Amino acid sequence: MPRATYICGATILRNFFVLPPVHLALLRSMSHKPIQTLLNANEEWAQRVIKDTPDFFAQSATGQKPKILWIGCSDSRVPESVITASKPGDIFVHRNVANQFHLHDDSALSVLTFAIKEVGVEHVVLVGHTNCGGAMACIEAAKDAAANPGASTALTRWLTPLTALVRSLDLSACSASEALNKVVEANIIMQVDNICKSEPITTAWADPDAKKVTVHGWMYDLAEGRIKELVVRDAQA
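Quick look at the structure, then.

### Notes on the packing of helix H6 (residues 133-144) against helix H8 (residues 160-168)
Piece 1. Remark: H6 packs on H8, axes separated minimally by 8 Å, with the N-to-C direction vectors making an angle of 60 degrees. Here H6 lies oblique to H8, going by the angle between them. Here the hand of the crossing between H6 and H8 comes out right-handed. Contact residues: H6 offers Gly134, Ala135, Cys138, Ile139, Ala141 and Ala142, while H8 offers Leu162, Thr163, Val166 and Arg167.
Piece 2. Its residues placed into classes, the contact of H6 with H8 shows seven nonpolar, two polar and one charged.

### Observations concerning the packing of aromatic side chains
Piece 1. The full count for this structure, using the stated rule, is four aromatic pairs.
Piece 2. Ring plane angle 85 degrees and centroid distance 6.1 Å describe the contact between Trp70 and Trp218, whose orientation is recorded as edge-to-face. One end of the pair, Trp70, is in strand S3 (residues 68-73); the other, Trp218, is in strand S6 (residues 214-221), and 148 residues separate them in sequence.
Piece 3. Aromatic side chains Phe92 and Phe114 sit 5.9 Å apart centroid to centroid with 25 degrees between the ring planes, which places their arrangement in the stacked category. Placement of Phe92 in strand S4 (residues 91-96) and of Phe114 in helix H5 (residues 106-119) is noted, with a sequence separation of 22 residues between them.
Piece 4. Phe92 gets classed as buried once you look at its relative accessible area, which sits at 15%.
Piece 5. Taking the relative accessible area as the measure of exposure, Phe114 reaches 41% and is therefore partly exposed.
Piece 6. Connected via pairs of aromatic rings, a cluster forms that spans Trp45, Phe56 and Phe57.

### Remarks on the state of the cysteines
Piece 1. Counted by the stated rule, this structure contains zero disulfides.
Piece 2. A disulfide-free cysteine, Cys73 has its sulfur positioned 4.5 Å from the sulfur of Cys132, the nearest such atom.
Piece 3. Judged by its relative accessible area of 8%, Cys73 falls in the buried class.

### Here's the deal with the nonpolar core
Piece 1. Membership of the largest hydrophobic core comes to 42 residues, with the highest contact counts inside it found for Leu69, Leu112, Val124, Ile195 and Ile201.
Piece 2. Taken together, the elements giving at least two residues each to this core come down to S3, H5, strand S5 (123-129), H6, H8, helix H9 (176-197), helix H10 (199-206) and S6.
Piece 3. Formed by seven residues, the second largest nonpolar core is a distinct cluster that contains Trp70, Ile91, Val125 and Val127.

### Comments concerning the side chain of His94
Piece 1. Looking at the element boundaries, His94 is found in strand S4.
Piece 2. Taking the relative accessible area as the measure of exposure, His94 reaches 10% and is therefore buried.
Piece 3. The contact partners of His94, leaving out residues within four places of it in the chain, are Leu69, Trp70, Ile71, Gly72, Asp105, Ser107, Ala108 and Val111.

Analysis parameters
- Residues numbered from 1 in each chain as written.
- Predicted model: local features only at pLDDT ≥ 70, side-chain atom pairs only at ≥ 80, totals over all residues.
- Heavy atoms only, no water.
- Axes fitted to C-alpha atoms, helices over the stretch in contact; angles between N-to-C directions.
- Helix = DSSP H or I, 4+ residues; strand = E, 2+ residues; numbered from the N terminus.
- Parallel < 35°, antiparallel > 145°, perpendicular 65-115°, else oblique.
- Left-handed = near helix turned anticlockwise from the far one by under 90°.
- Contact = heavy atoms within 4.5 Å.
- Nonpolar A, V, L, I, M, F, W, Y, C, P; charged D, E, K, R; others polar.
- Phe/Tyr/Trp six-rings, centres within 6.5 Å; stacked < 30°, edge-to-face > 60°.
- Buried < 20%, exposed > 50% of the residue type's maximum accessible area, 1.4 Å probe, protein only.
- Disulfide = S-S within 2.5 Å.
- Core = buried A, V, L, I, M, F, W, Y, C linked by side-chain atoms within 4.5 Å.

Put into structure tokens, the structure is as follows:
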């Protein structure tokens, strides 16, 4: 196999293998296969939609009026449109790691504000799910915090409120799976509480002329494919 010599300043680096062009093309093809699969699937889907509803995309391009804002987890196993059999335009969406709603998070707050004031949603659903990797990480972080505080990262900072919630729960008598479910459910309730305290919701609830907005807390079961409602809040709650 060909070798190459690279000169970096005064340093000469030898014996780097150089792949023939045909091998490079194969590697590129393999690495891009998931992307091409998505593009091909999109083309097939668009053709099916046009065949079934010829004016669907033309109508979709004119605007959106979803009644639901979905605030969920980034987990690939919980795609909101798929698990609710919804169409494009049915659900306004914001997703992040462990379905958090921080009161200082401008991203989430801007989505909520736009959803209520501009889109006109009537329901905000905060959706967590079983076997949540973020919740698992926080359980471990709560155990290890004293012995091994670790370095601060964007992820650990993001999950700090959830880790604090874990520390506040009594999980001593729970099995690992029971503890995880308890944390996931408590997290859903906490995020619903945060949404209800947020300026967009309190303003909407205080305005008698504003459209009614209801906040829901849902839990999706990965093993069963079903959603359970844990809590509902509205202006009278």
